[in-house]
Amino acid sequence: MQQTLSIKKELYRITSPIFIDIALVMLLGAVDTIMLSRYSDDAVAAVGLDNQLMSLVFLVYQFVSMGAAILCAQYFGAKLRSRFILIVGIAVLLNTVVGLAVSSILFIWAGPILHAFGLRDGLMPDGVAYLRITGALSFFQALSLTFSATLRSTGKTMLPMLSTVVVNILNILGDYALIFGNFGCPALGVEGAAWATAGCRIANMIILLSFIPKAWPSGVVEDGYGKVKRYVVARTRIVTRGVNYFRPFPWRELRNLFKIGIPAMSEEMSYSLSQITITYFINMLGTEVLATKVYCWTIITFVILLSVSIVQGGDILVGHFVGKLRYRAAYILGNYVLKTGMIATMIAATILAVFGSKILSFFTDNPEIIRIGTYIFIIDWFLDIGRVRNIFAGGTLRTAGDVVYPLVVGVIFQWSVAVGLAWFLGIPCGFGLIGFWVAFCIDENIRGVVLMRRWHSQKWRNKAFTKPNAE
């Protein structure tokens with residue numbers, strides 16, 4: 001009983017900073033939009049497209065950090081210090097190489113890339129200026145994602161949150177100073193916003209890097225890895241003498257990283273592309289419908305935030321148990337995480353369904369948007385039942401090492417139901433945005449049932465990367 005209470009307390013300790021961290025990241029984007037809206041509507045449109053492009057770029061960076069987070073959580077739980085440090089080193093090396101390559105491409109071909117994305121000629125100067133600055137320095141974000149994932153995997157979620165707090169403050173001050181020319185700075189407009197954003201990413205990387213030594217697990221446990229110990233020189237640090245970690249090069253760890261990272265990134269990429277396709281279809285229904293979707297989704301994301309933060313916190317602890325090969329404990333904890341996330345999300349979804357019209361009235365006075373949005377929030381209540389299961393099972397199966405199954409399920413249903421059925425109900429059948437949301441509801445619930453069956457079957461057992469023969 002005492003151990004159960006201790007685990008629950010640890011879950012809340014880990015989850016609370018994650019919730020604040022994600023909320024602050026969302027606020028970071030909102031501040032940029034608000035600041036630029038006072039400068040120019042065209043600037044908001046140009047930067048908005050740039051940020052959509054950058055979100056896809058960050059998915060490329062995340063394939064390394066996702067894999068590193070899962071492996072680090074398992075190695076930390078098993079107290080395999082040598083393999084933990086190796087994974088961090090490989091992740092930093094890969095994201096540095098990938099980040100520099102992608103940053104160079106964004107800087108050199110910013111114009112052609114934005115033209116391919118359909119940016120209007122009148123917005124091109126602002127768009128190119130913003131993308132060249134933020135894109136050229138985006139490799140700092142690649143490193144930040146790696147460091148943040150490493151810290152979270154060890155349960156030290158407070159440290160990334162503290163870094164995000166500092167970055168939010170710097171971003172507000174930077175936007176205020178460089179966009180409008182305050183504090184004796186030149187008024188740079190869009191370029192000022194770009195420099196503020198890039199500067200914050202550099203600061204975030206430096207802060208997170210300073211926290212990394214706190215993540216090293218104490219002690220070394222025999223891990224059956226053969227000659228792993230000769231990869232590591234005692235008391236060395238990856239920043240100062242990192243070359244010693246790669247003699248000989250740990251190809252097995254690199255394969256494990258790709259084995260997790262590529263499917264995880266592919267699923268996220270599939271989801272993002274499906275959402276872009278859906279937005280294209282919704283745009284065919286008119287500006288008012290598109291605005292309704294934007295307002296509703298912006299509000300709903302704060303409901304999703306509850307389940308995402310709880311599941312991310314639970315996944316860290318599940319990863320620790322899987323690393324120790326304590327599968328039953330991981331299963332019991334996972335079920336508790338699902339229950340907690342479901343209760344918290346459904347309470348928030350109920351409030352939204354009841355008071356949706358009043359909440360929307362703070363954003364718009366358009367009666368048609370408020371009317372349709374109110375129905376959307378009611379449908380979303382049923383959607384959230386499947387969404388929470390989907391978020392939980394997808395993330396937790398990956399944490400346990402079962403990475404391919406969520407990818408296959410996600411790709412099949414995201415495109416056949418979320419895109420295909422949404423188009424059919426929304427446009428040919430004439431149900432509009434409500435038809436789209438019904439399709440989303442069906443998609444999330446079907447995927448939730450399929451992934452939960454996989455979780456309860458416990459076929460994810462014996463996929464831990466801490467086993468002596470694990471690849």
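Calculation rules
Residues numbered from 1 in each chain as written. Predicted model: local features only at pLDDT ≥ 70, side-chain atom pairs only at ≥ 80, totals over all residues. Heavy atoms only, no water. Helix = DSSP H or I, 4+ residues; strand = E, 2+ residues; numbered from the N terminus. Expected span 1.5 Å × (residues − 1). Bend = angle between axes of the 7 residues up to and from the residue. Buried < 20%, exposed > 50% of the residue type's maximum accessible area, 1.4 Å probe, protein only. Contact = heavy atoms within 4.5 Å. Phe/Tyr/Trp six-rings, centres within 6.5 Å; stacked < 30°, edge-to-face > 60°. Lys NZ or Arg CZ within 6 Å of the ring centre and 35° of its normal. pLDDT = per-residue confidence, 0-100. Core = buried A, V, L, I, M, F, W, Y, C linked by side-chain atoms within 4.5 Å. Salt bridge = Lys/Arg side-chain N within 4 Å of Asp/Glu carboxyl O.

Relative to the 33 Å expected for 23 residues at 1.5 Å per residue, helix α14 (residues 404-426) spans 31 Å between its end C-alpha atoms, a close match to the ideal helical length. At Gln-414, α14 shows its maximal bend, which comes to roughly 35°. Residues of α14 that are buried include every one of Pro-406, Leu-407, Val-409, Gly-410, Phe-413, Gln-414, Val-417, Ala-418, Val-419, Ala-422, Leu-425 and Gly-426, and no others. Contacts made by the buried residues of α14 are with α10 (251-283), α13 (367-399) and α15 (432-457).

Given a rise of 1.5 Å per residue, 23 residues ought to cover 33 Å, and the 33 Å separating the end C-alpha atoms of helix α7 (residues 158-180) matches this to within 8%. Looking one or two residues past α7, Gly-181 carries a phi angle of roughly 80°, positive in sign.

Relative to the helices and strands, His-456 resides in helix α15. With 121 residues separating them in the primary sequence, His-456 and Asn-335 have C-alpha atoms 9.2 Å apart. Setting aside residues no more than four positions away along its own chain, His-456 makes contact with Tyr-331 and Asn-335.

Inspection of the secondary structure assignment puts Leu-305 in helix α11 (residues 287-323). The class of Leu-305 is buried, set by a relative accessible area of 4%. Along the primary structure Leu-305 and Ile-22 are separated by 283 residues, whereas in three dimensions their C-alpha atoms are 7.4 Å apart.

Right, let's talk about the packing of aromatic side chains for a bit. All chains considered together, the criterion is met by 10 aromatic pairs. Ring centres of Trp-437 and Phe-440 lie 5.3 Å apart, and the angle between their planes is 65°; this geometry places the pair in the edge-to-face category. Taken together, the residues span about one helical turn, with Trp-437 and Phe-440 both in helix α15 at a distance of 3 residues. With centroids separated by 4.7 Å and ring planes inclined at 10°, the aromatic side chains of Trp-455 and Trp-460 adopt a geometry described as stacked. Trp-460 matches Trp-455 in its accessibility class, with the two residues each being buried. In this arrangement the basic side chain of Arg-132 is found over the ring face of Phe-107, its NZ or CZ atom lying 6.0 Å from the centre. Residue placement shows Arg-454 over the ring face of Tyr-405; its charged tip is 4.3 Å from the ring centre.

Summary statistics for the chain give a mean pLDDT of 80 and a share of 84% for residues scoring 70 or more. Within the chain, the element-level pLDDT minimum falls on helix α9 (residues 238-241), averaging 44, and the maximum on α15, averaging 93. Within the model, the stretch residues 219-242 combines pLDDT values under 50 with 47 contacts to residues more than four positions away or in other chains.

Phe-147 and Leu-257 are the most contacted members of the largest nonpolar core, which has 44 residues in total. Elements with a minimum of two residues in this core: α1 (2-37), α2 (41-77), α3 (81-108), α5 (124-136), α6 (139-153), α7, α8 (190-211) and α10. When near neighbours in sequence (up to four residues on either side) are disregarded, Leu-257 contacts Val-64, Gly-67, Ala-68, Leu-71, Ile-90, Ala-91 and Leu-94. The next biggest cluster of nonpolar side chains, apart from the first, holds 34 residues, and it includes Ile-14, Ile-316, Ala-329 and Ala-393.

Our next topic: the pattern of salt bridges. Applying the stated criterion to the full structure yields 7 salt bridges. Put simply, Asp-402 and Arg-454 hold a salt bridge, and the shortest N to O gap is 2.7 Å. Here the residue Asp-402 occupies a position in the loop between α13 and α14, and Arg-454 occupies one in helix α15, the gap between them amounting to 52 residues. Assessed through its relative accessible area of 4%, Asp-402 is described here as buried. Between Arg-447 and Asp-443 there is a salt bridge; the shortest N-O distance is 3.0 Å. With Arg-447 and Asp-443 both in helix α15, this residue pair falls 4 residues apart, about one helical turn. Residue Arg-447 is classed as buried on the basis of its relative accessible area, which comes to 4%. You can call Asp-443 buried: its relative accessible area is 3%. Because the salt bridges share partners, they merge into one network encompassing Asp-380, Asp-384 and Arg-387.

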